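A closer look at the structure
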Amino acid sequence: MRGIRGRIVGTYLVITLLSVIVFEVILIYGLIEFYYSSIEAELNRSAQSIINNYNQYLNNYDLSKDAKVLLESTPGNTVAQVQIIDDKGILLADSIEPSMEGEKLDYYDINMALSGKQAIWRGKISLTGEPIFSVSWPMTLSDSDKVIGVVRVITTLSDVKEILKNHIIILVTLGVGIVFMIFLTGLALTNTIISPVKEMTSAAKAMAQGRFDVRVSKRFDDEIGELGDTLNYMAQEVSNHQKMKNDFIASISHELRTPLTSIMGWIITINSEDIDDKEELKEGLDIIERESKRLAALVEELLDFSKFDAGVITLKKDTVNLEKLLKYIKRQMEPRAERKGITITIDIDEELPWIDADENRLKQVFINIIDNSFKFTQKGGYVDIIGRKRGDSVLVRIEDTGCGIPKEDILKVTQRFFKGNNVVSGSGLGLAICDEIIKLHNGEMNIESTVGKGTAVDIVLPVQLEI
Ligand SMILES: Nc1ncnc2c1ncn2[C@@H]1O[C@H](COP(=O)(O)OP(=O)(O)OP(=O)(O)O)[C@@H](O)[C@H]1O
Ligand SMILES: [Mg+2]
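Within every chain, residues take consecutive numbers counted from 1 along the sequence as written. The lettering of chains begins at A and the numbering of ligands begins at 1, in the order of writing. In keeping with the predicted nature of the model, local features appear solely for residues at pLDDT of at least 70, side-chain atom pairs appear and are counted solely at 80 or more, and the whole-chain, interface and lining totals rest on all residues. Just so you know, side-chain values use all the structure's heavy atoms and leave hydrogens and water out.

**Some words on the sheet that holds strand β10 (residues 393-400)**
Pairing between sheet strands relies on hydrogen bonds along the backbone, with the strands arranged either parallel or antiparallel. Two strands qualify as a pair provided DSSP detects at least 2 bridges between them. Think of it this way: any DSSP run of H or I at least four residues long counts as a helix, any run of E at least two long counts as a strand, and we number them from the N terminus. Here we have 5 strands laid out as an open sheet, ordered β7-β9-β10-β12-β11, and mixed in their pairing. The open sheet is flanked by β7 (343-348) and β11 (444-450), the only strands paired with a single partner. The mean angle between the axes of side-by-side strands here comes to 15°, regardless of whether they run parallel or antiparallel. Pairing analysis gives 8 bridges linking strand β9 (residues 382-390) to β10, with the strands arranged antiparallel. Across the sheet, the residue bridging to Arg 388 is Leu 395, located in β10. Two residues qualify as a contact provided that any one of their heavy atoms is within 4.5 Å of a heavy atom in the partner residue. Axis definition: a line fitted to C-alpha atoms, over the contacting stretch in the case of helices. Angles run 0 to 180 degrees between N-to-C directions. Against the sheet, helix α7 (residues 322-340) engages β7, β9 and β10, with an angle of about 175° to β7. Along the sheet, helix α10 (residues 430-440) makes contact with β11 and β12 (454-462), crossing β11 at roughly 145°.

This is the structure we're talking about:
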């Protein structure tokens with residue numbers, strides 16, 4: 001097991017294994033303690049009652065004679081074996097094995113009792129190997145500390161050991177069961193993490209190979225589910241982007257084809273026939289010149305766009321005297337207005353603040369918009385340039401009395417390659433570029449228009465620009 005599964009399941013296993021072991025060791029130890037101490041208490045009680053009997057009735061008599069009597073007078077409530085031993089360690093009486101009487105016994109507890117201290121002993125009988133538990137109490141004369149013999153009570157541990165063994169088996173089985181359960185739970189838990197992650201990995205691989213139609217299914221509403229959503233979102237964005245790029249290329253090709261076709265047509269005409277007609281030759285060359293200019297302008301605009309998209313357009317920020325700039329543009333446009341029979345006026349607030357901006361880019365914006373006004377306004381119409389102060393920003397409005405833009409087109413005119421059904425429409429890039437430049441200035445561009453009445457383009461620019 002590797003990876004997340006190995007880590008989670010491994011950690012779980014180690015922790016439960018350790019806890020189970022510690023818990024069971026304590027439990028088993030306590031169990032043994034409990035059994036042994038209750039046995040010890042039982043043996044001590046028996047020894048105590050024999051000693052009591054002895055003190056009450058038989059003290060000061062000859063122990064070697066009275067040992068049997070003492071045994072018999074002991075209430076038969078104990079299942080244990082009772083031995084009476086004299087002060088030299090010789091077995092005087094035995095409740096279960098009288099055949100051993102007269103033999104010298106050498107056990108730790110007896111020796112301790114002979115020296116005056118009651119003692120317990122746990123061990124095996126050397127002959128049979130049977131595990132036993134014995135308690136020895138010293139018997140003393142009532143008026144002195146002199147030990148005259150020992151009472152020893154013995155019980156076999158075989159039964160208890162059997163019971164303990166059963167308990168331990170149950171506990172260990174339970175422990176193994178718990179560890180196994182935790183193991184299974186850990187596996188199930190990690191599966192809920194790993195299988196969606198695996199699915200996402202294969203989806204991401206498919207996406208890396210360009211298949212952006214692949215989607216990840218959401219199983220849980222958690223961090224992993226969110227990651228899946230993000231992946232899906234990314235795929236959607238990338239395919240949108242791809243579609244946009246394809247549309248863009250299709251539009252460009254279309255834009256390039258028209259002027260190229262007419263240039264080529266004229267070149268072939270001029271090249272193949274002997275054109276005597278100077279007029280016709282001049283017309284052809286004029287068209288070639290115009291169309292070439294159009295192509296050059298288009299390529300220029302496309303270059304601008306690729307720079308906007310790559311984010312490499314940076315504004316050359318400067319303090320711009322907007323009033324001077326607008327007046328300069330007006331003067332520059334006047335000859336064209338005259339030719340077209342359009343009146344161009346300018347109305348600027350006094351003390352219009354200087355603003356932070358890129359002067360050349362702003363000039364590009366205003367000329368683009370005024371160029372539109374000229375293109376879409378008939379002879380005898382008006383174009384007004386208005387400049388106003390608006391708190392922390394300035395408003396520049398370019399108004400015309402032209403043909404206007406249909407309502408349904410107003411939102412579209414800032415899209416790339418959008419152009420209305422007008423013979424004078426160009427490539428449809430002008431307003432899209434204006435929009436990008438105004439956004440770079442943290443400004444806003446709004447268009448109001450009524451068909452047949454005219455159009456007003458509002459540009460709001462902040463006085464101070466943080467870039
Ligand atoms: N002042 C206006 N009056 C009427 N229609 C306008 C005006 N300005 C823009 N439009 C409409 O919006 C369209 C898009 O304008 P935009 O400036 O983006 O492109 P264009 O002028 O057609 O081409 P380009 O500016 O690239 O030469 C125009 O084709 C026209 O239909
Ligand atoms: Mg234009």
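**Brief notes about the UniProt feature "domain: Histidine kinase" (unreviewed entry) in the protein**
UniProt positions are given in the numbering used here, feature names are shortened, and annotations may be inferred rather than shown by experiment. Mapped onto this numbering, the UniProt entry annotates "domain: Histidine kinase" (unreviewed entry) at residues 251-465. Annotation note: span residues 251-465, helix share 49%, strand share 21%, distance between end C-alpha atoms 34 Å.

**Some remarks on the pattern of salt bridges**
Each salt bridge in this description consists of a side-chain nitrogen of Lys or Arg and a carboxyl oxygen of Asp or Glu lying within 4 Å of one another. Under the criterion given, the structure shown has 24 salt bridges. Here Lys 412 makes a salt bridge to Asp 409, at a shortest N to O gap of 4.0 Å. Of the residues examined, Lys 412 reaches a relative accessible area of 34% and is grouped as partly exposed. Categorising residues by exposure relies on relative accessible area from a 1.4 Å probe, with only protein chains included: less than 20% of the type maximum marks a residue as buried, more than 50% marks it as exposed, and the intermediate range marks it as partly exposed. Owing to a relative accessible area of 15%, Asp 409 belongs among the buried residues under this scheme.

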